[in-house]
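Analysis of the macromolecular model
Now for the letters of each chain:
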Amino acid sequence: MADPDIRDNRPEGLLQAYEDGQVAGRIVYFTLDATPAALVAVHTVVEPGHEGKGIASALVREFYAMAARAGVPVVPLCPYAAEWALRHPDEAPEAPAEPVRAAQEQLKANPQLW
């Protein structure tokens, strides 16, 4: 399978993978803009019919690459992203405790982010 076309829709908090012009998967996320800054992965979804193609993995890999380019950590609150990070420690550095705490508090205070 060719790599999906992955596009960041930051205003909507979506990192989306496209195949044949259709959304095949997404990471729902938010940013921590104040200190400590971070990208926070909340949920990873792959659309029916696109499972098993590596789309979720490609999305999480790009999410970590985006964070690295921005010089901020990833807080993987999404279970899939957290598991992926454990399997790919060379690509997914562990987030410092403070952004993790701040992300958990923001998600608790704003459940609509989920």
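Residues numbered from 1 in each chain as written. Predicted model: local features only at pLDDT ≥ 70, side-chain atom pairs only at ≥ 80, totals over all residues. Heavy atoms only, no water.

Observations regarding the environment of Leu86
Filter applied, for reference: Think of it this way: any DSSP run of H or I at least four residues long counts as a helix, any run of E at least two long counts as a strand, and we number them from the N terminus.
Topologically, Leu86 is positioned in helix α2 (residues 79-87). For the pair formed by Leu86 and Ile6, sequence separation is 80 residues and the distance between their alpha carbons is 22 Å.

Things to note about the side chain of Gln16
Convention followed: Partly exposed describes any residue whose relative accessible area lies between the buried limit of under 20% and the exposed limit of over 50%, with all areas from a 1.4 Å probe on protein chains only and scaled to the type maximum. For this analysis, a polar contact is any N or O atom pair within 3.5 Å, provided that within protein one partner can donate a hydrogen and the other can accept it, and provided that sequence-adjacent residues contribute only side-chain to side-chain pairs. Only heavy atoms enter the contact rule, under which two residues are in contact if any of them lie within 4.5 Å.
By the secondary structure assignment, Gln16 is in strand β2 (residues 14-19). Gln16 sits in the buried class, given a relative accessible area of 10%. Polar contacts involving the side chain of Gln16 include one to the side chain of Tyr18, which spans 3.3 Å. If sequence neighbours within four positions are ignored, Gln16 has contacts with Asp5, Ile6, Arg7, Asn9, Val23, Gly25, Arg26 and Leu59.

Some details on the nonpolar core
We count it as follows: Within this scheme, the nonpolar core is defined by two criteria: the residues are buried Ala, Val, Leu, Ile, Met, Phe, Trp, Tyr or Cys, and they are joined through side-chain atoms within 4.5 Å.
Counting residues in hydrophobic clusters, the biggest one holds 20 residues, and the most contacted among them are Leu15, Ile27, Tyr29, Phe63 and Tyr64. Going through the elements one at a time, β2, β3 (22-32), β4 (38-46), α1 (55-70) and α2 are the ones with two or more residues in this core. For this core, the element with the highest residue contribution is α1, accounting for 7 residues. In this structure, Ala38, Val40, Val75 and Leu107 belong to the second largest nonpolar core, which totals 10 residues.

So, helix α3 (residues 97-109)
For the record, the criterion: Helices are assigned an expected span. That span is 1.5 Å times one less than the residue count. Taking the helix axis as origin, the arc is that swept by the directions to the C-beta atoms.
Between its first and last C-alpha atoms α3 spans 18 Å; for 13 residues at 1.5 Å apiece the expected length is 18 Å, and the two agree. Within the span of α3, buried status applies to Pro99, Ala102, Ala103 and Leu107. Down the axis of α3, the buried set is contained in an arc of 130 degrees. They therefore lie on one face. Opposite its buried face, α3 presents the exposed residues Ala97, Lys108 and Ala109, each directed more than 90 degrees away. Tucked inside the fold, the buried residues of α3 contact β3, β4 and β5 (74-76).

Considering the sheet that holds β5
Pairing between the strands of a sheet comes from backbone hydrogen bonds, and it takes one of two forms, parallel or antiparallel. Quick note on the threshold: Strands pair, by our definition, only if DSSP identifies at least two bridges between them. Lines fitted to C-alpha atoms define the axes, with helix axes restricted to the stretch in contact, and inter-axis angles between N-to-C directions lie between 0 and 180 degrees.
Judged by pairing direction, the sheet is mixed, and its 5 strands sit side by side in the order β1-β2-β3-β4-β5 without closing on themselves. The open sheet has two edge strands with one neighbour each: β1 (5-9) and β5. The sheet shows a mean angle of 25 degrees between the axes of neighbouring strands, direction not considered. In this structure, β1 lies alongside β2, joined through 5 bridges in antiparallel fashion. In the sheet register, Asp5 faces β2, and the bridge partner there is Tyr18.

Examining unusual backbone geometry
With the exception of glycine, the majority of residues adopt a negative phi angle, and the majority of peptide bonds are in the trans configuration. Of note in the backbone geometry, Asp20 takes a positive phi value of approximately 50 degrees without being a glycine. Topologically, Asp20 is positioned in the loop between β2 and β3.

Overview of the pairing of β2
Each regular strand displays side chains that alternate between the two surfaces of the sheet. Among the 6 residues of β2, 6 are classified as buried, and the element is accordingly described as predominantly covered. Burial along β2 is two-sided: the residues Leu14, Gln16 and Tyr18 and Leu15, Ala17 and Glu19 are all buried. Connecting β1 to the next strand, β2, in antiparallel fashion are 4 residues, including Gly13 with a positive phi near 70 degrees. With 6 bridges connecting them, β2 and β3 associate as antiparallel partners. Directly across from Gln16, in β3, lies its bridge partner Arg26. Two successive antiparallel strands, β2 and β3, enclose a turn made up of 2 residues, where Asp20 displays a positive phi of approximately 50 degrees.

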